[in-house]
Amino acid sequence: MRAREYYSCALIAGVTFSEARHMLPGWILDLYKLRAEYDARLMGAKIARRTGLI
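Predicted model, so just to flag it, every value in this text is computed and none were measured. (Residues numbered from 1 in each chain as written. Predicted model: local features only at pLDDT ≥ 70, side-chain atom pairs only at ≥ 80, totals over all residues. Heavy atoms only, no water.)

## A look at the pattern of salt bridges
Right, on to step 1. For the structure shown, the criterion picks out 3 salt bridges.
Right, on to step 2. Arg35 is the salt-bridge partner of Asp39, the closest N and O atoms lying 3.2 Å from each other. Taken together, the positions of Asp39 and Arg35, both in helix H3 (residues 25-43) and 4 residues apart, correspond to about one turn of that helix.
Right, on to step 3. For Asp39, a relative accessible area of 31% translates into the label partly exposed. (Salt bridge = Lys/Arg side-chain N within 4 Å of Asp/Glu carboxyl O. Helix = DSSP H or I, 4+ residues; strand = E, 2+ residues; numbered from the N terminus. Buried < 20%, exposed > 50% of the residue type's maximum accessible area, 1.4 Å probe, protein only.)

## So, the nonpolar core
Right, on to step 1. Counting residues in hydrophobic clusters, the biggest one holds 8 residues: Tyr6, Cys9, Ala10, Ala13, Val15, Ala20, Ile28 and Tyr32.
Right, on to step 2. Listed by contribution, the elements that provide at least two residues to this core are helix H1 (3-13) and H3.
Right, on to step 3. The element that contributes the greatest number of residues to this core is H1, accounting for 4 residues.
Right, on to step 4. Discounting chain neighbours no more than four positions away, the residues touching Val15 are Ala10, Ala20, Met23, Ile28 and Leu31. (Core = buried A, V, L, I, M, F, W, Y, C linked by side-chain atoms within 4.5 Å. Contact = heavy atoms within 4.5 Å.)

## Quick word on H1
Right, on to step 1. Listed as buried for H1 are Tyr6, Cys9, Ala10 and Ala13. Angular distribution of buried residues about the axis of H1 spans 100°; they occupy a single face of the element. Summarising the geometry of H1, the exposed residues directed more than 90 degrees from the buried face are Arg4 and Leu11.
Right, on to step 2. The inward-facing, buried residues of H1 contact helix H2 (17-20) and H3.
Right, on to step 3. Backbone geometry just after H1 places Gly14 at a positive phi near 95°. (Arc of directions from axis to C-beta.)

In structure tokens:
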């Protein structure tokens, strides 16, 4: 994953750029996944469980 993708996931997850610089990549990706699942639940969609992001 490139740095641009990492920081875009952080911003989508609600983490500021300065906070993301001091966080572990795995933590950011977990927050991104949780945010995506939450948004999908709000829209009424069901996410199939599989490996990887979402």
